[in-house]
Structures are given as structure tokens and as C-alpha cells.
2 protein chains.
Amino acid sequence: MRDFNFKFNTKILFGKNKLEEIIPEIKMVGSRLLLAYGGGSIKSIGLYDEIVALLNKHQIPFEELSGIRPNPGIESVREGVKICRENNLDFVLAVGGGSVLDCCKAIAAGVHYEGDPWDFMVQKAVVKKAVPLGTILTLAATGSEMNGNAVISNSETFEKRAMGAPILCPVFSLLNPEYTYTVNKWHTAAGITDIISHVLELYFTPEKSTQVQDAMSEALIKTTVSLSPVVLEQPENYEARAQIMWTSTLALNGLLSFGKLPGDWSTHLIEHEVSAIYDITHGAGLAIIFPAWMTYVLDEQNAWRFAKLARNVWGIIDTDDLSAAHKGIAAMKSFFSSIGMPVSLKEVDIDDSQLGTMAEKACRFGSIGLIKKLNKADIVEIFKIAL
Amino acid sequence: MRDFNFKFNTKILFGKNKLEEIIPEIKMVGSRLLLAYGGGSIKSIGLYDEIVALLNKHQIPFEELSGIRPNPGIESVREGVKICRENNLDFVLAVGGGSVLDCCKAIAAGVHYEGDPWDFMVQKAVVKKAVPLGTILTLAATGSEMNGNAVISNSETFEKRAMGAPILCPVFSLLNPEYTYTVNKWHTAAGITDIISHVLELYFTPEKSTQVQDAMSEALIKTTVSLSPVVLEQPENYEARAQIMWTSTLALNGLLSFGKLPGDWSTHLIEHEVSAIYDITHGAGLAIIFPAWMTYVLDEQNAWRFAKLARNVWGIIDTDDLSAAHKGIAAMKSFFSSIGMPVSLKEVDIDDSQLGTMAEKACRFGSIGLIKKLNKADIVEIFKIAL
């Protein structure tokens, strides 16, 4: 087990009828808000009206930033920074899924930074100061509600890159499972895939002294898998939505990575290049790339870990590690298919024309990966498995 | 899943060579210390000298409270409060196991309370203000290092009672597995039993929509069980000590109880009455009472939960819930025996002379328990099973 220092910075407000509880949390650190959201979904479920009424009732002035898109773009970040500066806003309230939350983190960081906020994504600048932010989550997927990380896209350069800092952790996150009732099957399944992928990215480490972290990781995946049919068939099943929502938060709030190397993350980095060019749903991209990545990097040295996952999560009974590992990959692929996710590039109409470009961009800052270092040629091979 | 609000208040410093890192944490909130510890163990492992040298180096004035005993007594709490007041101390540094930590929480609460600190234990007073405290843990067992709870004994009244408040959460806890190397087999095994018992107290709830909490609970017990032989046979195995130490913290930091009823806790309440009179090691008392409690409360309605535990933790293969449950209890008892814990009162020389007295005191504030309400007669029956 590796040394670590950690303090959770986010207060969680979980459950129904808690919207008004955000007011004292906001007032503790802010007085003038940026209210940021995506498309119309928060309006159609009535949440937007409730929030606006609440802010008016408590006389909290606010400006709005709307239209933040999935795979959020740097242009929204720039726009949010501008609105905050022009109106002296000192708190960002992000209402939506991970895309809105991530965009708002970049805005929060950008307000006090003189350069272009894209600098954070290309490692030209580090976050030193940030406007506090709070979140109201409407999609269980990214875990962004309890960490300081964000992923932003740049449609001019076809890039999708990550940034992060502890001060970008939301001061509070309101998690009301009812707000996820209207998430359709596709996005629910993509969220499930994203949750499982986060756990797996952290799970794939060459270290062996990670028993409790591994056991908890397996617990989160098993819970997600077992409840997936329920949320997909009964979108308004509060209990199942609640379990998935909370599992999503636990998957990426630090809990699974304490005392370990920071995970592999190759699949996320590779997928980012796919969705940067083709703008596919992130979770769908992960369902395609993860099994392909596993198939490519699996070898005799690391087979024990793949086999552990296969046995403890997918119930594979096979004493041979390599064989168990392959069966586990097949089981995972079959699970993704069962929830309606694509498991090949072909299924989302991506051909082999950009494989080299995407592979090159994925390792733009050098080779990637933890349990196996990958260069451009390796990544092209992974894409070929995924075709 | 039930609604909850939560923020973790404790910063964890986990690993080797981190002692000096406590200084900035202390300086953030305090300037004059109470250094509190138990017997001589922190002196024999050299930790006491290191701490004193460090405080002197950083010119932090401190007074000492030593001799805090296992099942910590209210007299130590009163003494600590007196020392803090007389010397205007504004920070408590607890160095030791759960007993020292619990004693220090009661001291922290008592400094600003005009009455006798025992009032907190008998629900005559609630904690409104407290001196901040930090901890350096030397025993993996109670989980006290990341929560606001404490259990204090009163040797005059033969009582052992709990208190708690969020502001009693340590501001930091230093967890160095090396500090647990010299914990002997008996206390290591008692600590393991305490960890498992905490998870089980939280696990036994009548609720069914607790899938992720249950899965994580099972993960923590399985990790503890699988590493027990290693720490018992190789007390200086860093990796195993580290896993057990971190699991111990996770078992009672809130993680397993979010969104649920607060657990059953009958076994702890019953055991407290045993160790209040006979002063046995808390973990040993739990190893005796837990299987007896399970045997008594198990019925057709709640068998599903006992069976879930039996199958997922103890590997019982039996499709009948009641039968699986009984096999699970037997497996747990056998595990406790295998690590050297007693599983009957007879083994610790306790006869039936005080059963009625202990049972009466256990339900002094009314019947206890969540999955089954227990009155005096029930508790006597549990003791009889445990004889």
C-alpha cells in the first residue's frame, strides 16, 4: 500500500426534497451566482423553474450560461469565464450531468487565470485559485460531483483533454435520484458503462497489495451490473436509480484509489480521441474500447488481475488465469451488449480511416498506460481489435 | 435508500515517515497541546520520544496526560479536561488505540462544558463546542480515527456508554501501519474482531435497498478475514498491517452507513455491559456475543440477510436461507476461534451470576436493537447461548 494524504472536500446532500438545502451551502461561500446548464432537460423536468424561484426567493442574484453540450467545449468555458468576470460572480452552480459539471470546473478555474483556459488542458498552466462551485446532478455517470477533475473538448483542434485540482472539488453536490428518471435508455446505459470503466481504470494496476481497494472495486461493479436491468426497464425505480447514482459517485471520489498507483486510464485517453473526432457518447466509446484494450494488453504476467476480476465480478469458474481472463472479457462485452451499448467501432459507423490520427493524438504527451505502456502502434492495434 | 447529508471532516495522513506532517495540521487550528496516551507502548516503540522532539523543535508547548487505560475511564477524561483548562490548551493530540482516541474526544468535548463530562454519556448533555483534536493511531480496531464517536467507562457505576458529535471528528489522523507492528497476537485478533463487528452492526438492518452498502461491507469483511492469518503470523508485514489498518478506518467512517438506518448495535451495547463489569478486551467480548446474538435473533423474516452474509462472505453454498444462515454463524464462530478469540463466556471465566444485572443495564434506556427489539429477558437468553 502506498502512502497517501486525503481529505474529502465535498459535502453530499443525497435524496429527495433537498433543493432548498443548497441555499445555506451557497451562502457560506458565495453571493452572486453563475447558473450553468446544458440543453433543455432541466427545463422539461421543472428543475430550472424550481432553482430560479429558489434563488429569487432568497434574493441571490445570478446570471445564466446555457447550452453546455456533451463533450463540453472550451468555447462554453470561455463564455462562462467572461460572464463571471463581467458580473463579478463568485459562485458557480452547475446543474446537469458530468459535461456541465466539468465545464463549470474549468470556468471556476478560469475566472482567476489571465490566460486562455485551454492552457489548463495542455499543461501550460496549473490551477492556483478557483471560484467555489456547487452541483446539482442529473445523470449518474462521471463521478465529477465529488472530485476535482474535468474533461474539456476543443472542436477547433479535435482534442479532448483532462485537467484537475483539489480546489475544483464542489463544495456541495446535491444528488437526487428523481432528477435522473427522464434519462433515456441510451444515456442510462452509457452512464453505467462510464461508472464501470472508472472502477476498471483504477483496478488495473500492477500492484498486488491492494486487497481492500480491489474488493471494494468489485463490489461497485457487481452492484452496478446487478441493478442495470432494473434502471433500464423501470426508469422511475427510485431505489435502483439511487443505488446507481451513489455508486457512480463512489467510483471516482478517491475511495478506490487511496494507497495505490493512480490507475491505468489508457481506455479513457484512447476513447477521448474517438469522441473528440466523432463526437460519440463517451460511455458508448468506452464500451467499444475497454474490451479491445483488455484483449490487447492481457499477458501472462498480468493475467492474475484480469482473472481476479473475471472470477469475482463475472463469476467465471476457471483455474487457469489466462483462460479465465479471456472469459471475463467476453462476459463484460456481452454485458455491454445486453444494455444496448455498441462493442465495435463498426456499430457506431466508424471506419479505419482515422485510426492513425487518433492513436497519435492519444500519445501526444508520450506513451500512455500503467499495466502496459502503449505507443502509437499499440493503440492502432487496439483500434483494429475494436473495428 | 434513505436521504443523507454528509461531509467527511478528517484528513487522513497514511503511511511511513509522515510524523512531521502533523505540525502544519496542528498549527492550522491550535497552539498549545494536550499530548495524551495510554501505557508505555508508545514509549517502547520510540514514538513518544519522536513526538516530544518534534513538538520541541517546532516550539509547540504541551502538557501530558498518560495512563489512559483500555475501556477508558471517565476519571481520565476529567483529568484531561482539568489539565486543558489549567493550561489553556487548545488542541488535543491523541496517540494510541481507540481507547486513547475516545478518551480524548470526551476531553475535547468536556473542556467547554461546565458540568461533569459523564453527562454526555448519560444523555444529560449534548456536545455543542469542542477543542479540535488530531490522532496518531497505534492499533487497528475501533475506527475512532475518522468519526466523532467515543465510548467511555465509569468504574464507580460499572457503566460503559457512548457519546458522539460531528465536531469530535479528528481534524487529522496519522495512520502509520508500522506503529502497529508491536501489537501482540491477542490484541491484533481482538482488533480484527472489532473491525468485523462494526461492519456487521451496520450490515444488520431490515432494509433491502442497500445493495452497494452491503457489497462494500462484504468486501471489508472478506479482506479482513483473508489477511488475518498474515498479520497474526507476520506482525511486521507492512502490507498486511496497512490493509487491515485502512479497512478498520473504512469500517466506521460513515461509508457503510450512508443512506441506511444506523445499524443494529445490540451486540456492542450488550458487550459494553460485559466489559464494564469484567473489564475484558472489547474485541474478545464481541467474538463471544456476536454469534450468540445472531443465533438468537435469526428468524424466517430476516434469514435472507443472514444468508446473504453467509454466502457472500463465508462462501456457504446452500439455497435454504435459514440453513445457510446457521452455517454462516458457525463459520464466523470458527473463524474467531481460529484467530485465538474466545467464543463463549466460559473461556474468559465469566459465569452466570451477573447475567440479569448486565441484561438490565444494557436496556437501561429502553429496548435495544434494530432487526429485533430486545428487552432484558431477550438479552439474558443471548447470554445463556454465549455461556
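Data block above holds the structure.
Computed from a predicted model, the values in this text were never measured in an experiment.

Caption draft 1: Quick peek at the overall build of chain A. Tallying secondary structure elements over chain A gives 15 helices and nine strands in all. For chain A, whose C-alpha radius of gyration is 20 Å, the value lies close to the compact-globule estimate of 21 Å for 387 residues. On the principal axes, the C-alpha backbone points of chain A span a range of 65 × 45 × 45 Å. Here chain A holds 387 residues, and 62% of them are scored as buried. Here the analysis covers contacts within chain A between residues at least 6 apart in sequence; of these, 78% occur between residues at least 24 apart. Of the roughly 14000 Å² of accessible surface on chain A, 52% is carried by carbon and sulfur atoms. Taking the average location of the 36 positive side-chain charges in chain A and that of its 44 negative ones, the two points are 3 Å from each other.

Caption draft 2: The relation of the copies chain B and chain A, seen in detail. The operation relating chain B to chain A is a screw motion whose rotation component is 180°, with 0.0 Å of axial translation and a residual RMSD of 0.0 Å. Such a combination of rotation and displacement between the chain copies is what one expects of a two-fold axis. An overlap of 100% is found between the interface residues of chain B and their copies at the interface of chain A, pointing to a shared contact surface.

Caption draft 3: Representation of helix α12 (residues 303-312) of chain B within the structure. Every buried residue of α12(B) is accounted for by B:A303, B:R305, B:F306, B:A307, B:L309 and B:A310. On the buried face of α12(B), the contacting elements are α7 (185-203), α8 (211-233), α11 (282-297) and α13 (321-338) of chain B.

Caption draft 4: Broad picture of helix α10 (residues 266-278) of chain B. Residues and elements named next belong to chain B. Given a rise of 1.5 Å per residue, 13 residues ought to cover 18 Å, and the 18 Å separating the end C-alpha atoms of α10 matches this to within 8%. Burial within α10 is extensive, with 10 of its 13 residues counted as buried. When α10 is considered as a whole, its buried residues turn out to be S266, T267, H268, I270, E271, H272, E273, V274, S275 and A276. Among the structural elements, β7 (149-154), β8 (159-164), α7, α11, α14 (355-362) and α15 (376-386) are those in contact with the buried residues of α10. Two residues or fewer after α10 comes D279, characterised by a positive phi angle close to 50°.

Caption draft 5: Quick peek at the interface of chain B and chain A. Of the residues lining the interface, 40 residues belong to chain B; the matching set on chain A comes to 40 residues. Of the roughly 3400 Å² buried between chain B and chain A, counting both surfaces, carbon and sulfur atoms make up 60%. Broken down residue by residue, the surface that chain B buries against chain A is led by B:M1, B:Q243 and B:W246, which jointly contribute 18%. The interface formed by chain B and chain A includes 22 residue pairs in polar contact (both at pLDDT 80 or more). Broken down by secondary-structure element, the contributors of at least two residues to the side of chain B that touches chain A are β1 (4-6), β2 (11-14), α8 and α9 (238-251) of chain B. A per-element tally of the side of chain B that touches chain A places α8(B) first, with 10 residues. The residue inventory of the side of chain B that touches chain A, partitioned by class, reads 20 nonpolar, 11 polar and nine charged. Relative to β1(B), strand β2 (residues 11-14) of chain A is paired through three bridges, and the arrangement is antiparallel. Opposite A:F14, over in β1(B), you have B:F4 as the bridge partner.

So, how was this worked out
Residues numbered from 1 in each chain as written. Chains lettered and ligands numbered in written order. Predicted model: local features only at pLDDT ≥ 70, side-chain atom pairs only at ≥ 80, totals over all residues. Heavy atoms only, no water. Helix = DSSP H or I, 4+ residues; strand = E, 2+ residues; numbered from the N terminus. Rg over C-alpha atoms; globule rule 2.2 N^0.38 Å. Buried < 20%, exposed > 50% of the residue type's maximum accessible area, 1.4 Å probe, protein only. Contact = heavy atoms within 4.5 Å. Areas by Shrake-Rupley, 256 points an atom, 1.4 Å probe, with all protein chains shown as cover. Lys, Arg positive; Asp, Glu negative; His and termini not counted. Charge placed at Lys NZ, Arg CZ, Asp CG, Glu CD. Least-squares fit on C-alpha atoms with pLDDT ≥ 70 in both. Expected span 1.5 Å × (residues − 1). Buried area = accessible area lost by both parts, 1.4 Å probe. Polar contact = N/O pair within 3.5 Å; in protein donor to acceptor, adjacent residues only side chain to side chain. Nonpolar A, V, L, I, M, F, W, Y, C, P; charged D, E, K, R; others polar. Pairing = 2+ DSSP bridges.

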